[in-house]
Amino acid sequence: MRYVLDHDLHIHTHLSPCSADDRQTPVAILTYGLSSGFRLLCATDHLWPQTPLSLLRTHQPLPQSKHCRFLFGAEVDMDKTDTLSATKEEIESLDFAIISTDHLNLRGYSIDPAVTPGDALSRKTRYKERLHTMLSMDLPFYKTGLPHFTDALACGDEPIRFLTLFSDAELTDIFTKVRDRGMGVELNFMPSRYNAEDLKEVLRPYFIAKNLGCKFFFAGDAHHPEDFRGVIARKMEPVIDLLDLTEDDKFPFVKQMIAEMEK
């Protein structure tokens, strides 16, 4: 059965500094979910020093609907010392968390430019180290996701070259660990932004992950209400077809959360 698009597990509210949009409220997000026919949503604001968990919890309780479950989560970052912005206990207290190891655009926080320069090879090497460090941690991986693996955040100047530097063997090693930990793989990119050759390179890690048995969830990564427009048609549905995803490829956590709501 073709993958059913029934969720969005990566959405920012106005509490994320990169949003700071008073219109981006939990009510507006739930309205988006209901109008999209989704059964599951998650608020994943950045868990940074300026946005501690206590601040993010001011949204609780999140608005709910009998048609759509709204989870409280966070986007957990990793600093330049490879320390996560949340403890294991804090992550366990969340409904869901995405663990971002690729925010190498945050100079001074996630990366020391004096140690890791901006060229693609240096950034790729550092990102790979951070991934393996995170995957070796003791975390509740069954309710965590690996976000925007092919986004330009890790090396914005040369995103496609950055991806080509990962060999199939290296990607196999990474996604074997992701699978074995039970971590979900986020799908969060717009195919129409790429030409045919570049799109093949963007899809390559996800095909490797799929063939290894990794499971996937979708993310709109909205920061403003305008980001909801066309996200399904442009950012989600095409990827289902490009990767030929079925319900067997869906992250079990998504199925579990929806099944609990339907009891």
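This one's a predicted model, so the numbers in the text were calculated from it and none came from an experiment.

A.B. asks: An account of the nonpolar core is needed here, citing residue identities and associated values.
C.D. replies: Considering soluble globular proteins, one finds that nonpolar side chains tend to be buried as a cluster. Counting residues in each nonpolar core, the largest one holds 68 residues, and the members touching the most others are Leu41, Met134, Phe175, Val178, Leu187, Tyr206 and Phe218. Examining the composition of this core, we find that six residues originate from one element, helix α7 (residues 196-212), more than from any other. Once residues within four sequence positions are removed from consideration, Tyr206 is found in contact with Phe149, Thr150, Val185, Glu186, Leu187, Phe189, Phe216 and Leu243.

A.B. asks: Residue-level account of the side chain of Asp6, with values.
C.D. replies: When you line up the elements, Asp6 lands in the segment before β1 (7-11). A relative accessible area of 11% means that Asp6 is categorised as buried.

A.B. asks: Could you give an account of the pattern of salt bridges, naming the residues involved and the relevant values?
C.D. replies: In the structure shown here, the tally under the stated rule is 19 salt bridges. In this structure, the salt-bridge partner of Asp6 is Lys250, at a minimum N-O distance of 3.0 Å. Remark: Lys250 occurs in the loop between α8 (231-242) and α9 (252-262) and Asp6 occurs in the segment before β1; sequence separation between them is 244 residues. One exposure class covers both Asp6 and Lys250, and it is buried. A salt bridge links Lys88 to Glu92; the shortest N-O distance between them is 4.0 Å. Residue Lys88 and its partner Glu92 are located together in helix α3 (residues 88-93), separated by four residues, close to a single helical turn. Under the relative-accessibility criterion, Glu92 is labelled partly exposed at 39%. What you see here is one network of salt bridges that share partners, running through Asp82, Arg126, Glu129 and Arg130.

A.B. asks: How would you sum up the state of the cysteines? Please name residues and give values.
C.D. replies: The full count for this structure, using the stated rule, is zero disulfides. Sulfur of Cys42: no disulfide; nearest cysteine sulfur belongs to Cys68 and is 11 Å away.

A.B. asks: A description of the packing of aromatic side chains should follow, citing residues and the corresponding values.
C.D. replies: Summed over the entire model, instances satisfying the criterion amount to 15 aromatic pairs. Aromatic ring contacts, followed pair by pair, group Tyr127, Phe149, Phe162, Phe166 and Phe175 into a single cluster. Its guanidinium or amino end placed over the ring of Phe166, Lys124 lies 5.4 Å from that ring's centre, counting from NZ or CZ. Above the ring of Tyr3, the side-chain terminus of Lys250 is found at 4.9 Å from the ring centroid.

A.B. asks: So what's going on with unusual backbone geometry? Which residues, and what values?
C.D. replies: Excluding glycine, residues mostly have negative phi values, and the peptide bonds linking residues are mostly trans. The step from Gln60 to Pro61 runs through a cis peptide bond, and the omega angle for that step is -5 degrees. Looking at the element boundaries, Pro61 is found in the loop between α2 (53-56) and β3 (69-77). For Asp82, which is not glycine, the phi dihedral falls at a positive 65 degrees. Residue class for Asp82 comes out buried when judged on its relative accessible area of 17%. Positive phi, close to 25 degrees, is recorded for His148, a residue that is not glycine. Residue placement: His148 occurs in the loop between β5 (144-146) and α5 (159-164).

So, how was this worked out
- Residues numbered from 1 in each chain as written.
- Predicted model: local features only at pLDDT ≥ 70, side-chain atom pairs only at ≥ 80, totals over all residues.
- Heavy atoms only, no water.
- Core = buried A, V, L, I, M, F, W, Y, C linked by side-chain atoms within 4.5 Å.
- Buried < 20%, exposed > 50% of the residue type's maximum accessible area, 1.4 Å probe, protein only.
- Helix = DSSP H or I, 4+ residues; strand = E, 2+ residues; numbered from the N terminus.
- Contact = heavy atoms within 4.5 Å.
- Salt bridge = Lys/Arg side-chain N within 4 Å of Asp/Glu carboxyl O.
- Disulfide = S-S within 2.5 Å.
- Phe/Tyr/Trp six-rings, centres within 6.5 Å; stacked < 30°, edge-to-face > 60°.
- Lys NZ or Arg CZ within 6 Å of the ring centre and 35° of its normal.

Bear in mind that shape data such as this cannot, by itself, settle questions of function.
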